[in-house]
Every structure is written in structure tokens, then in C-alpha cells.
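# Inside the fold
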Amino acid sequence: MRTNHSDTIVALATAPGVGAIAVIRLSGSDCVSVVSPLFSGKDLTKQASHTIHFGNLMDGDMIVDEVLISLFIAPHSFTKENSIEISCHGSPYIVNRIIQLLVKKGARLAEPGEFTQRAYINGRFDLAQAEAVADLIASENEAAHATALNQMRGGISNEIKNLREKLVHFASMIELELDFSEEDVEFASREELKALIEKIDVVLVLLIDSFQLGNVIKNGVPVVIVGKPNAGKSTLLNALLEEEKAIVSDIAGTTRDIIEDELNIRGVKFRFIDTA
């Protein structure tokens, strides 16, 4: 089914399950008119962006829950569309009931990743930054968090954009020379062009290396413990993990299968692998 990006979409923004608070997010031009009839507090259609309102969410005459409504008016939202976040109590029953009410009022359930997709389509960020959102959510250590946050803020995108602008400028100067080839004039300095190409080569190598480093930071540094039988590989693994993860014995060949576990060292995840 083809996704309609003009629809008002709704989804649970927080992790599913029982919790103190749950957040339900809506996005779309009609999201305010979808929520407003269900809300017993202020008239949401008359409120300013980036305001929070307390009241009851109603199903007819019945109170479903006391909620906080956070209002974001386009283009000042994550998706650059009208957006609402409903903070309710974290009961799965309450969450499902609220989402069902919103669907009855005209919203539809969001597809996986559709909020980020809309943010990309509406120019909030580029593909590299959109991917960084997922990496930031999945970050499990300080290094992965810092890398994803830098990419989401446009670290890589800005570097590539800057290089592209310089290349386009030189290309236009060379094309201008071709148009005036009979005049024997030079609009683009060959030395500057050579220096730019060398700089681009250096930056591309750094970007490739940073991609490999980013994968290591994201997935963990694999460290294989190898050695002769009874050299103390399993003892070392247990000492590093500070638990009896691997069986230790004086009998050679006790470790028959690969044993793996993770350890966070100064914000970097390491995957230690004990081998036979």
C-alpha cells in the first residue's frame, strides 16, 4: 500500500509496556482538529506552538485519562508538520484506548519510521542525518552516542556539502573557459584545482576511515582471546567480565564452543570472544 503523506498519523513514541508515563505522538496538518474534540481543557486550535496544556481526554462523557498535550505548529516540529504529543499514564489499556479514539477521529497508525521519513521528505534533515536518528536511539555507549549525535547535527553532511560547493564552483569555471576557448583565458587556477582535489582525496579517506570506525563503535570492538590449551583464556575472560562466564578447569579442552560477552570500557563497547 502506498503511504499517503497528507494523512494524520499516530503512534506510541515511548517503549511499549507498563510504565509511569507514555507518550503518544501525532503528525499531520489535521492533528490539532483530531485531538481537540477529545480534550476537555483549552481549545487547542487557538493555542500557540510549543505550549503544554493539562486536561482530560474524553470518550464521550467518560474520562479516559488525565493528560498533558504538547503542541507544535508547523514548521516548528520534528516533522515540520503540525504535531502533538500526548503524555498519559503508562497503562497499555489507556494507551490503546487513546490510540483507538484518535483513529476513530481520522488519524491512522503510522508505518515504522514514518515520522522520521516525513521529517526527511519535508527537509528537516538529509539521509545521513535520518540514519543517525536510528543510531542515536540504538546507541549503547558513550562513544556511539557522541558519533550519532554529531552525525545527526550534520557533521558529515556539512563536510560533503562544503566539498560539493567547491567542486561545482571549479566545474563552472572550467566550463566557462571552454565557452571562451578561442580567447585563451584561464578562469580557474590549475594549482588551486589540484590543491582542492588533493584535499578532497584526504577528506574522502578520512570519511571512509570514520565509517569503519563508526561501525566498530556502533557494533563493538571484537577482541578474540587465543592461546594454547590451558593457557588461561577462560580465566582471563572471567576476570575481565568479573563473573564466571566461562567454565575454568585444569583439563585441557574444556572450552569447546565460542563464548562471547560485552564489556564497556571508558565509553567504548568491546566484544570479548573466548575460543577453544
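Calculation criteria
- Residues numbered from 1 in each chain as written.
- Predicted model: local features only at pLDDT ≥ 70, side-chain atom pairs only at ≥ 80, totals over all residues.
- Heavy atoms only, no water.
- Helix = DSSP H or I, 4+ residues; strand = E, 2+ residues; numbered from the N terminus.
- Contact = heavy atoms within 4.5 Å.
- Core = buried A, V, L, I, M, F, W, Y, C linked by side-chain atoms within 4.5 Å.
- Buried < 20%, exposed > 50% of the residue type's maximum accessible area, 1.4 Å probe, protein only.
- Pairing = 2+ DSSP bridges.
- Axes fitted to C-alpha atoms, helices over the stretch in contact; angles between N-to-C directions.
- Polar contact = N/O pair within 3.5 Å; in protein donor to acceptor, adjacent residues only side chain to side chain.
- Salt bridge = Lys/Arg side-chain N within 4 Å of Asp/Glu carboxyl O.

## Digging into the side chain of N56
The topology assignment puts N56 in strand 3 (residues 51–59). Contacts of N56, omitting those with residues within four sequence positions, involve L38, F39, S40, I63, D65 and E66.

## Focus: the nonpolar core
Core analysis: the biggest nonpolar cluster contains 26 residues, and I24, L26, I84, I86, I98 and L102 have the highest contact counts within it. Elements with a contribution of two residues or more to this core: strand 2 (19–27), helix 1 (31–35), strand 4 (62–72), strand 5 (83–90) and helix 2 (92–104). A per-element tally of this core places helix 2 first, with six residues. L193, L196, I200 and V203 belong to the second-largest nonpolar core, a separate cluster that totals six residues.

## Let's talk about the environment of A110
On the secondary structure map, A110 appears in the loop between strand 6 (108–109) and helix 3 (114–121). Sequence separation between A110 and T8 is 102 residues, and the spatial gap between their C-alpha atoms is 8.6 Å. For A110, the residues in contact, after removing those within four places along its chain, are I9, V10, A11 and F115.

## Some points on the sheet that holds strand 2
Read across the sheet, six strands follow the order 3-4-5-2-1-6 without closing on themselves; strand pairing throughout is mixed. Looking at strand neighbours, the two that pair on one side only are strand 3 and strand 6, the edges of this open sheet. Both strand 1 (residues 9–12) and strand 2 contribute to a ladder of four bridges, which runs antiparallel. Bridge assignment links A11 to a residue of strand 2, and that residue is R25. Packing of helix 3 onto the sheet brings it into contact with strand 1, strand 2 and strand 6, and relative to strand 1 it is tilted by some 135°.

## Let's talk about the environment of N82
By the secondary structure assignment, N82 is in the loop between strand 4 and strand 5. For N82, a relative accessible area of 16% gives the class buried. Along the sequence, N82 and C31 sit 51 residues apart, while their C-alpha atoms lie 6.5 Å from each other. Apart from the residues within four sequence positions on either side, N82 is in contact with L26, S27, G28, S29, C31, F72, I73 and A74. Side-chain polar atoms of N82 contact the backbone oxygen of S29, separated by 3.2 Å.

## Points about the side chain of S36
Relative to the helices and strands, S36 resides in the loop between helix 1 and strand 3. Judged by relative accessible area, which is 15%, S36 ranks as buried. Discounting residues that sit within four places of it in the chain, S36 has contacts with D43, L44 and T45.

## Quick notes on the pattern of salt bridges
Enumeration over the complete set of coordinates arrives at six salt bridges. Here D59 makes a salt bridge to R97, at a shortest N to O gap of 3.2 Å. On the criterion of sequence distance, the pair formed by D59 in strand 3 and R97 in helix 2 is long-range, its members being 38 residues apart. Judged by relative accessible area, which is 18%, R97 ranks as buried. For E114, the salt bridge is made with R118, and the minimal N-O distance between the two is 3.6 Å.

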